[in-house]
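Fold and contact review
As a plain string of letters, each chain reads:
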Amino acid sequence: MNTPFKIDVSPRISRLPPYLFARINKLKYDKRVAGVDIIDLGMGNPTDPTPEVVVSKLAEAAADPRNHRYSVSNGIAGLRREVAVKYRKKYGVELDPETEVIATIGSKEGFSHLCLAMLGPGDTAVVPDPAFPIHIYAVAMAGANVIRVPLGNDQAFLDRIERTIDGLYPTPKLLILNYPHNPTAVTIEPWFWERAIEMCRRRGIMIISDFAYGEINFDGYVAPSFLAASGAKELGVEFTTMSKSYNMAGWRVGFCAGNAEMVKALATIKGYYDYGIFQAIQIAAIIAMRQCDQQVRQQSAIYQRRRDVVVAGLRRIGWQPAECKASMFVWVRVPEEHLAGQGTIDFAMRLMEEAEVAVSPGAAFGEGGEGWLRIALVENELRLKQAIRQIGRAMNGAKRKK
């Protein structure tokens, strides 16, 4: 009798933690197949359209056979120049588009490959808790270790990091920061970057700034770019994306900018892994950055109005959302009487069953997220109001059953 063949996967697969969204995604799929209208506020996946001028340019560029060939893995020169122009105009940052800017297939791909380029077995990265999952998974897939530090946006947070790494050998190589923050929407002021850079310079630590939500700002707040801080390019890079503000999530256009050696390391990895973004998309992305500043501002205003609707609705049902001056999420603590002893993963499943609303459980972002939910502002205001009403009815129904 033949012995069954064993598929022996890489140890890096076994290093990955369980994907905590899997149960929720499966239930959401099953509900929709059954014809249930689930209001999906779980994923930061924009539903608003890409600006028409960008779509038109894509159609024009896609019709040109010259754009049908392989592109280049670091992005066409015109696109990298446009990123440098944007940083100069918006943040006062000078970038060399040849050595300090690289285009990525969305910021998630670029971030993951940069971790692969910078980290290996025996290395360590410091990541706040809670955190966007790829900030953990990419480090694990690179074979390195993660040290979690409770999230903050003040000097006390930086002091926590220093106390955590005191006496560690070797010193962590990377500090991964993300403001405006996903999932919590925590924001910072410009001084924070100056102090973080000073700490990391003393300790010999590099910084990766995930600035994916940097252009979605509310109430007059302006999110500061890491690269605008003195000394930033000496020890770190920043990731940006066109997914959110330009409603180009499916287009997969992101950027890494900053320290030339780190950009070069990412370019080396990408040279082996991919041939870059479809050139017609890159050409359309140039037009987006040149012509769509007004649409970006309008999109922020749309998210601000949605935030106001969600925050007011949550307060009416007795939930307390955290301050939200930026990003496309509201982070809210669920009252103990509504959790009824459940963790947030089981509670999110319950909301889908009883309220027909999908949200992200805080526990999926780390231990520090337990007790909280992330609500994505991706539906229109009417749908958001309906979602909160349905949650409120479900919670009131739970009270009556008691």
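On a predicted model such as this, the values are computed, not experimentally measured, just so you know. (Residues numbered from 1 in each chain as written. Predicted model: local features only at pLDDT ≥ 70, side-chain atom pairs only at ≥ 80, totals over all residues. Heavy atoms only, no water.)

Re the overall build of the chain
The criterion, for reference: Secondary structure elements follow DSSP: runs of H or I of four or more residues count as helices, runs of E of two or more count as strands, with numbering from the N terminus. Using C-alpha atoms as the atom set, the radius of gyration is obtained and then compared with a globule rule of 2.2 Å times the number of residues to the power 0.38. Think of it in three bands: residues with accessible area under 20% of the maximum for their type are buried, residues over 50% are exposed, and the middle band is partly exposed, with areas taken using a 1.4 Å probe on protein chains only. Should any heavy atoms of two residues lie within 4.5 Å, those residues are counted as being in contact. To measure how exposed things are, a 1.4 Å probe is used in the Shrake-Rupley method; for residues, cover is taken only from the protein chains shown. Within this scheme the basic residues Lys and Arg register as positive and the acidic residues Asp and Glu register as negative, but His and the chain ends are omitted. For charged residues, the charge sits on one atom: NZ in Lys, CZ in Arg, CG in Asp, CD in Glu.
The helix and strand tally for the chain stands at 15 helices and 13 strands. The C-alpha radius of gyration computed for the chain amounts to 22 Å, which stays within 12% of the reference 21 Å derived for 402 residues, consistent with globular compactness. Expressed as a percentage of its 402 residues, the buried residues of the chain come to 57%. Sequence-distant contacts, at least 24 apart, represent 75% of the contacts inside the chain between residues at least 6 apart. Entry remark: accessible area of the chain is about 18200 Å², with carbon and sulfur atoms responsible for 53%. Separation of charge centres in the chain, based on 50 positive and 43 negative side chains, amounts to 3 Å.

Focus: a nonpolar patch on the surface
Here is the rule: Grouping into patches uses exposed residues only, defined as over 30% relative accessible area, and leaves out salt-bridged ones; the cut-off is 9 Å for like charges and 5 Å for nonpolar side chains (Val, Leu, Ile, Met, Phe, Trp, Tyr). Only one rule defines a salt bridge in this text: a Lys or Arg side-chain nitrogen within 4 Å of an Asp or Glu carboxyl oxygen.
Judged by side-chain polarity, Phe5, Ile7, Val9 and Ile13 come together as a nonpolar surface patch covering roughly 490 Å² of accessible area. Relative to the elements of secondary structure, Phe5 occurs in the segment before α1 (11–15). Judged by relative accessible area, Phe5 falls into the exposed class, the value being 75%.

What about the sheet that holds strand β7 (residues 236–241)?
The following threshold applies: Strands are treated as partners if at least two bridges between them are detected by DSSP. Lines fitted to C-alpha atoms define the axes, with helix axes restricted to the stretch in contact, and inter-axis angles between N-to-C directions lie between 0 and 180 degrees.
What the seven strands build is an open sheet, ordered β2-β8-β7-β6-β5-β3-β4; its pairing is mixed. Single-partner strands in this sheet number two, and they are β2 (101–104) and β4 (145–150). Strand-to-strand twist across the sheet, computed as the mean angle between neighbouring axes with direction ignored, equals 20 degrees. Packed on one face of the sheet, helix α5 (residues 106–118) meets β2, β5 (174–177), β6 (206–210), β7 and β8 (254–258) and runs near 155 degrees to β7. The strands touched by helix α6 (residues 134–141) are β3 (124–129), β4, β5 and β6; relative to β4, the strand with the most contacts, the crossing angle is about 155 degrees.

Some remarks on the state of the cysteines
By definition, a disulfide links two cysteine residues through a covalent bond between their sulfur atoms. Note the following rule: Cysteine sulfurs are considered disulfide-paired once they come within 2.5 Å of each other.
Taken as a whole and assessed by the stated rule, the structure comprises zero disulfides. You can see Cys200 has no disulfide; the closest cysteine sulfur is in Cys115, sitting 15 Å from it.

Let's talk about the packing of aromatic side chains
Going by this rule: Only the six-membered ring of Trp is used, alongside the rings of Phe and Tyr, when aromatic pairs are assigned; centres must lie within 6.5 Å, and planes under 30 degrees apart are stacked while those over 60 apart are edge-to-face, with the rest tilted. Ring-over charges, as used throughout, are those where CZ of Arg or NZ of Lys falls within 6 Å of the ring centre and within 35 degrees of the ring normal.
Using the criterion set out here, one finds 14 aromatic pairs in the structure. On the numbers, 4.1 Å between centres and 25 degrees between planes, the contact of Tyr70 with Tyr275 is stacked. Of this pair, Tyr70 sits in the loop between α3 (52–62) and α4 (77–91) while Tyr275 sits in the loop between α10 (260–273) and α11 (279–291), and the two are 205 residues apart along the sequence. Ring-pair connections join several aromatic residues into one group, and the members of that group are Phe157, Tyr179, Trp191, Phe192, Trp193 and Phe226. The residue whose ring lies beneath Arg374 is Phe329, and the NZ or CZ to ring-centre distance is 4.0 Å.

Remarks on the pattern of salt bridges
Counted under the stated rule, the structure contains 30 salt bridges. Close ionic contact of Lys90 with Glu215 constitutes a salt bridge, the shortest N to O distance being 3.9 Å. One end of the pair, Lys90, is in helix α4; the other, Glu215, is in the loop between β6 and α9 (232–235), and 125 residues separate them in sequence. What makes Glu215 buried here is its relative accessible area of 16%. Between Arg203 and Glu162 there is a salt bridge, with its nearest N and O atoms 2.8 Å apart. Of the two residues, Arg203 is situated in helix α8 (residues 190–203) and Glu162 in helix α7 (residues 155–165); the sequence distance between them amounts to 41 residues. Its relative accessible area of 25% is what places Arg203 among the partly exposed residues. Through salt bridges with shared partners, one network takes in Glu162, Asp166, Glu198, Arg202 and Arg203.

Things to note about unusual backbone geometry
The peptide bond linking Tyr169 to Pro170 adopts the cis configuration, its omega dihedral lying at -5 degrees. Within the secondary structure layout, Pro170 lies in the loop between α7 and β5. At the junction of Asn182 and Pro183, the peptide bond is cis and its omega measures out at 20 degrees in the coordinates. Counting through the fold element by element, Pro183 comes out in the loop between β5 and α8. Positive phi, normally seen in glycine, also occurs at Ala185, with a value near 65 degrees. In this structure, Ala185 sits in the loop between β5 and α8. Here Asp219, not a glycine, exhibits a phi torsion of approximately 55 degrees, which is positive. Tracing the chain through its elements places Asp219 in the loop between β6 and α9. For Asp219, a relative accessible area of 51% gives the class exposed.

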